[in-house]
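So you can see what is in the structure, the chains are spelled out below.
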Amino acid sequence: MRPGTARVRRRWGGLALATALAASLLPLDVAAAANSVTVYYQPPSAWNATVNVHYAPDGGSWTAVPGIAMEAACTGWRKKTIDLGTASGLQVVFNNGSGVWDNNNGRNYRLGTGTVRVSGGTVGAGDPCAPTPEPTGATAEVYYHTATRGWSGANIHYQPTGGSWTSVPGVAMEAACAGWVRKVVALGTAGGLRAAFNSAGQWDNNNGADYTLGTGRSTVRAGVVTPNATDPCGPPPPPDTEAPSVPAGVTATASGLSITLAWSASTDNRGVTGYEITRTGGPQGTASFTATTTSHVDNRLTPNTRYTYTVRARDAAGNRSAASAAASATTGNAPPAPTNGSPLGGDPREDTIYFVMTARFFDGDESNNRGGSQHVRSGNAANDDPMFRGDFQGLIDKLDYIKGLGFSAIWITPVVLNRSDYDFHGYHGWDFYRVDPRLETPGASYQDLINKAHAKGIKIFQDVVYNHSSRWGAKDLFTPTVYGVRDEQWKWMYSEKQAGRQYDPMVEHQGNDPALTPAQNALAKGRPYNGDVWSTTVPAGNQCLNWGVRNGTSPEGYALYNCQWPSPTNKLFPADLYHQCWIGNWEGEDSRSCWLHEDLADFNTENATVQQYLIDAYNRYIDMGVDGFRIDTAVHIPRVTWNRRFLPALQQHAVAKHGEKGKDFYVFGEVAAFVNDKWNRGSVNHSAQFFTWKERKEYSPDDVRAAIEQYDHEQLLGTGGQPTSDNAFLRGNSYHTPDHSRFSGMNVIDMRMHMNFGNAGNAFWNGKDSDDSYNDATYNVVYVDSHDYGPNKSSVRYTGGTAAWAENMSLMWTFRGIPTLYYGSEIEFQKGARIDCGPTCPLATTGRAYFGDHIEGTVTAPDFGVVTGATGPVAATLDKPLVKHVQRLNQIRRAIPALQKGQYSTEGISGGMAFKRRYTGGGVDSFVLVTVSGNATFTGIPNGTYTDAVTGDRRTVTNGTLTANVSGQGNLRAYVLDLPGNPAPGKVGDTGPYLR
């Protein structure tokens, strides 16, 4: 900006200019001179009819404010030809003649000669109004509906498949007809493109996912892409009255309680959009299904029953063919129902844990795959990657893979029936008494998984949620009724009510309902039945104010209404069962009694009815024989509620059901503290170690009042008033019986080590610093990254490098705590990928991607960490360096009890990550000296013979001193003392890429 002009920071703000300007005003009407520039400008849609250009040629003076009027060029564009004289360029700004300026955020626009265009803050070359020659080769004809957005015109910013993006803001689209613009894009050899649209700085990029378009004509309207579309600006096509041909060759083949149908494709003058299947027979009566392909699997049928099917074809106009010839099949015997299992029992510290998101691990049966209503929008459809893809059959199929890695426990994400638009992860529980059918198939129920895992010596730790349900409440406790209306705008959203029908995620809308428009079908596709949760009439007992009163318009132009969406503050939920607020302070009392997110309706866990609902629900899974619970969002329930209600209930039930094995039921809570402090920003109530302790005083019998009393009491005591313990520490070289008399019953995930695993040394020293404040830190679950975060609250999967991963593993497998690995980390799966972005990007691009492609094939694992045969892609996976590393670490840890259950000390040790550990009990006495990634000297240790489990090196100590030499990141030494009746195991496993 020239001297004397005030700098303006807002792009569309007023431009304060000095009034005494030296003007160098050119004639208003000049032909293009030899040295000139023709400026095209696309003003914001809110500007009035006047548009001025105010400019200064290089070395010259500015025009008088407000500049020179620009003339109309074509729809949405103004132009002006400026004679530059001897100048080679100029600075320009624009205004609407009423004090509103575009000065490129105070930088002015710098232009050269020739023809230039300015749009959305970006300078480009060329005449946007020039007719575009029809391209040759492959093309995409794109129509965009500007009327939906209230735009006067639009640019298309695009990237042909395999090519580069256009320069921002893209290419101007030409007016086609009222409310529509058009652009024909040359694709060359590409088979399609990604695109976003903009106008005057406003963007439509499909909520961050961009639009995927193919060749031929496509329309984009209100966020919906219609491929192979009719011309929206052409004459309406004649009505389609011709029905498709009758499906031929229908066959029905039974297998167990499933029947698979197949038929030949029908033909139609304008294209078949789907098929309608009618089933008769059996106690279920007549039923109908839809399919978009020429096959369908009908599951969960009655045993030894004959079923008959006919198929009709349907086109976009709703024309239906006659019914096909009938095909019948008879189901077989039902598989025997698995009996309730029994937990394996035993000290959980003897285990190492493999953490899987069941729906993303391995697809054992495609019949239960479901994409949901976000299948297309998320980009998952383009990858043929439904969010519910993996299942219990997949886990059963890969138990030998997990055992071959050396893991003896699997932590699986929640199994209860979920209800939300994007719920593959399991944390949107709706029916807590039912396993989600998208995870089960005949012969591969949850009980089958538990029993088959136990048969291989592998425990199941089930992720459970006590803090919240889904936004649709919890079945048989409370489900909110929202306002809904099946008018022309909303009938795609709200299922037509059917008496007695309830939500079933296995039955998804197929997107070919003749009552809906193509755009509405696209929005409705994948949505399960929801007629059970909406009403136009005010329901009995409603507390939501202004029921059904219009309160705005959605970005797509749909009318919005009060009480249309569940929320903590609109009183759709009863206060006795659900909390009624949003969290304001994550380290405040409200973080224990308010909603985390709109999809996580916060239970009032101080209410006795809620408590009993959850206790009874989770007792069912204890009955099934699970070995422990990982408790999600444990910090968001007061400790006094855990200690009074939930923990005693599950402990008592486990023992009553399973006896001595029930005493080993392992509970570890997620007390998320994403800071490096020993105490979470000084708040003891929000720190992980706090939850490992019993209460030290009596509180009010009323749970709500007790929660407040406890919070205030402990905050007043502060960090200095909290209990301490030496349960994790040796006394000299001696193990001592730990004192668990003050243990609450809840162990925790070691969040402080997790936050510091960007560097193994930091994790080690931070872990040690906190260990006196846990009841017993040897029971902590330790991991580097998870389905939520990487170290230091990173939003991407760990990307520190292979050697750093090896070092982290070496520390986790030898230091106190229970090592845990998130699925795929053994091959650095998706390293650097964003862990989660919801439905705004494809799952395949995230840390929650499908892992199955890497473990296809067979594995034989006769023992933990031992593989005797593998075929297919899994064989290559098992040959990766970190796989070899974790296999050997598991073998070493299993051979040395002190590495599993030992107390530790760093007294008398010089070195970096170096420590001694000992466990004594039940006839076992195990003592080991460990150093990771560097040399260490141990003094004051018992004399005797020590053998390194990594190399087999034997040392005889006579003066209480041993120096261990080790080099290489991730390498370690573990010198085990020969003791009477407890000899050192010698070298364990084979020399590997890091342990050598």
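We now turn to the structure provided with this report.

Cut-offs used in this document
- Residues numbered from 1 in each chain as written.
- Predicted model: local features only at pLDDT ≥ 70, side-chain atom pairs only at ≥ 80, totals over all residues.
- Heavy atoms only, no water.
- Helix = DSSP H or I, 4+ residues; strand = E, 2+ residues; numbered from the N terminus.
- Buried < 20%, exposed > 50% of the residue type's maximum accessible area, 1.4 Å probe, protein only.
- Contact = heavy atoms within 4.5 Å.
- Areas by Shrake-Rupley, 256 points an atom, 1.4 Å probe, with all protein chains shown as cover.
- Lys, Arg positive; Asp, Glu negative; His and termini not counted.
- Charge placed at Lys NZ, Arg CZ, Asp CG, Glu CD.
- Disulfide = S-S within 2.5 Å.
- Expected span 1.5 Å × (residues − 1).
- Bend = angle between axes of the 7 residues up to and from the residue.
- Core = buried A, V, L, I, M, F, W, Y, C linked by side-chain atoms within 4.5 Å.
- Polar contact = N/O pair within 3.5 Å; in protein donor to acceptor, adjacent residues only side chain to side chain.
- Salt bridge = Lys/Arg side-chain N within 4 Å of Asp/Glu carboxyl O.
- Pairing = 2+ DSSP bridges.
- Axes fitted to C-alpha atoms, helices over the stretch in contact; angles between N-to-C directions.
- Phe/Tyr/Trp six-rings, centres within 6.5 Å; stacked < 30°, edge-to-face > 60°.

Here's the deal with the overall build of the protein chain
- Along its length, the protein chain carries 14 helices and 52 strands.
- Expressed along its principal axes, the backbone C-alpha trace of the protein chain runs to roughly 105 × 80 × 60 Å.
- A burial count over the protein chain gives 55% of its 996 residues as buried.
- Long-range pairs, those at least 24 residues apart, make up 71% of the contacts in the protein chain between residues at least 6 apart in sequence.
- Total accessible area on the protein chain stands at roughly 37900 Å², and carbon and sulfur atoms take up 49% of it.
- If the 86 positive side-chain charges of the protein chain are averaged to one point and the 91 negative ones to another, these points end up 3 Å apart.

A word on the state of the cysteines
- With the rule as written, the count across this model stands at five disulfides.
- Between Cys 74 and Cys 129 runs a disulfide, and the two sulfur atoms are separated by 1.9 Å. Judged by the sign of its S-S torsion, about -70 degrees, the cystine formed by Cys 74 and Cys 129 is left-handed. A residue pair is termed long-range when its members are at least 10 positions apart, and Cys 74 in strand β4 (residues 71–74) and Cys 129 in the loop between β10 (122–125) and β11 (138–145) qualify at 55 residues.
- According to the relative accessible area criterion, Cys 74 is partly exposed, its value standing at 28%.
- Here Cys 544 engages in a disulfide with Cys 563; their sulfurs sit 2.1 Å apart. One disulfide, between Cys 544 and Cys 563, carries an S-S torsion of -100 degrees and so falls in the left-handed class. Of this pair, Cys 544 sits in the loop between β35 (534–535) and β36 (550–553) while Cys 563 sits in the loop between β37 (559–561) and β38 (601–602); the two residues are 19 residues apart in sequence, bridging distant segments of the chain.
- A relative accessible area of 6% places Cys 544 in the buried class.
- Taken in sequence order, the bonded cysteines of the protein chain link in the pattern 1-2, 3-4, 5-6, 7-8, 9-10.

Comments concerning helix α7 (residues 639–658)
- For α7, which comprises 20 residues, the first-to-last C-alpha distance of 26 Å matches the rise-based estimate of 28 Å (1.5 Å per residue) to within 8%.
- Taking the largest bend as the criterion, α7 deviates by roughly 35 degrees, centred on Leu 647, and proline Pro 648 comes between one and four positions later.
- Buried within α7 we find Arg 639, Val 640, Thr 641, Trp 642, Asn 643, Phe 646, Leu 647, Pro 648, Ala 649, Leu 650, Ala 654 and His 658.
- On its buried side, α7 packs onto α6 (608–624), β39 (628–632), β40 (666–669) and α8 (703–717).

Observations regarding the nonpolar core
- Grouped together as the largest cluster of nonpolar side chains are 166 residues, with contacts concentrated most on Phe 361, Tyr 401, Tyr 446, Tyr 466 and Phe 629.
- Examining the composition of this core, we find that nine residues originate from one element, α6, more than from any other.
- Residues in contact with Tyr 466, not counting those within four places in the same chain, are Phe 603, Thr 605, Leu 614, Tyr 618, Phe 629, Ile 631, Ile 637, Trp 642, Phe 646 and Leu 650.
- Residues Val 51, Val 53, Ile 82 and Leu 84 belong to the second largest nonpolar core, which totals 19 residues.

Looking at the side chain of Ser 810
- Topologically, Ser 810 is positioned in helix α11 (residues 802–814).
- Taking relative accessible area as the criterion, Ser 810 reaches 0% and is therefore assigned buried.
- At 2.6 Å, the side chain of Ser 810 forms a polar contact with the backbone oxygen of Gly 970.
- What Ser 810 contacts, discounting residues up to four positions off in sequence, is His 885, Leu 889, Val 932, Gly 970, Leu 972 and Leu 995.

Notes on unusual backbone geometry
- Along the chain, Val 65 connects to Pro 66 via a cis peptide bond; the corresponding omega equals 10 degrees.
- With respect to the helices and strands, Pro 66 occurs in the loop between β2 (52–57) and β3 (68–69).
- Cis geometry marks the peptide bond from Val 168 to Pro 169, where omega comes out at 10 degrees.
- Structurally, Pro 169 is set in the loop between β12 (155–160) and β13 (171–172).
- The residue Asp 384 is not glycine, and still its phi comes out positive at about 50 degrees.
- Inspection of the secondary structure assignment puts Asp 384 in the loop between α1 (358–361) and α2 (392–397).
- Positive phi values are uncommon outside glycine, yet Thr 633 reaches one of about 45 degrees.
- Structurally, Thr 633 can be placed in the loop between β39 and α7.

Considerations on the pattern of salt bridges
- Scanning the entire structure with this criterion turns up 46 salt bridges.
- Two residues, Arg 149 and Asp 204, come together in a salt bridge whose shortest N-O distance is 3.2 Å. Residue Arg 149 is located in the loop between β11 and β12, and its partner Asp 204 is located in strand β17 (residues 202–204); the two are separated by 55 residues in the primary sequence.
- With relative accessibility at 32%, the residue Arg 149 sits in the partly exposed group.
- Asp 204 sits in the buried class, given a relative accessible area of 4%.
- Note that Arg 360 and Asp 385 form a salt bridge whose closest N and O atoms lie 2.8 Å from each other. One end of the pair, Arg 360, is in helix α1; the other, Asp 385, is in the loop between α1 and α2, and 25 residues separate them in sequence.
- Take Asp 385: its relative accessible area is 2%, and that puts it in the buried class.

What about the sheet that holds strand β26 (residues 306–315)?
- One open sheet accounts for four strands, arranged β24-β23-β26-β27; its pairing is antiparallel. Of all strands in the sheet, those with a lone pairing partner are β24 (287–291) and β27 (327–330), marking the two edges. Shown here is a sheet whose adjacent strand axes are inclined to one another by a mean of 30 degrees, direction ignored.
- For β26 and β27, the ladder comprises four bridges, and the chain directions are antiparallel. Across the sheet, the residue bridging to Tyr 307 is Ala 329, located in β27.

A short note on the sheet that holds β10
- Pairing is mixed in the open sheet, where five strands are placed in the order β4-β5-β1-β9-β10. Unpaired on one side and paired on the other, β4 and β10 mark the two borders of the sheet. Averaged over all adjacent pairs, the angle separating strand axes in this sheet is 35 degrees, with direction ignored.
- Here six bridges tie strand β1 (residues 36–42) to strand β9 (residues 114–119), and the two strands are oriented parallel to one another. Following the sheet pairing, Tyr 41 is matched in β9 by Val 118.

Here we look at α6
- For α6, with 17 residues, the first-to-last C-alpha span of 25 Å sits near the 24 Å given by 1.5 Å per residue.
- Taken across its 17 residues, α6 has twelve buried, putting it largely inside the fold.
- Inspection of α6 places Val 610, Gln 611, Tyr 613, Leu 614, Ile 615, Ala 617, Tyr 618, Asn 619, Tyr 621, Ile 622, Asp 623 and Met 624 among the buried residues, and these make up the whole buried set.
- For α6, the N-terminal cap is Asn 607; the gap from its side-chain oxygen to the backbone nitrogen of Thr 609 is 2.8 Å.
- Among the residues trailing α6, Gly 625 stands out with phi positive, at a value near 105 degrees.

A look at the packing of aromatic side chains
- Scanning the model with the defined rule gives 63 aromatic pairs in all.
- With a centroid separation of 5.2 Å and an interplanar angle of 25 degrees, the aromatic rings of Phe 392 and Tyr 446 are classed as stacked. Placement of Phe 392 in helix α2 and of Tyr 446 in helix α4 (residues 446–455) is noted, with a sequence separation of 54 residues between them. The pair Phe 392 / Tyr 446 is uniform in exposure class, with both members buried.

All quantities given are derived from atomic positions and should not be read as evidence of function.
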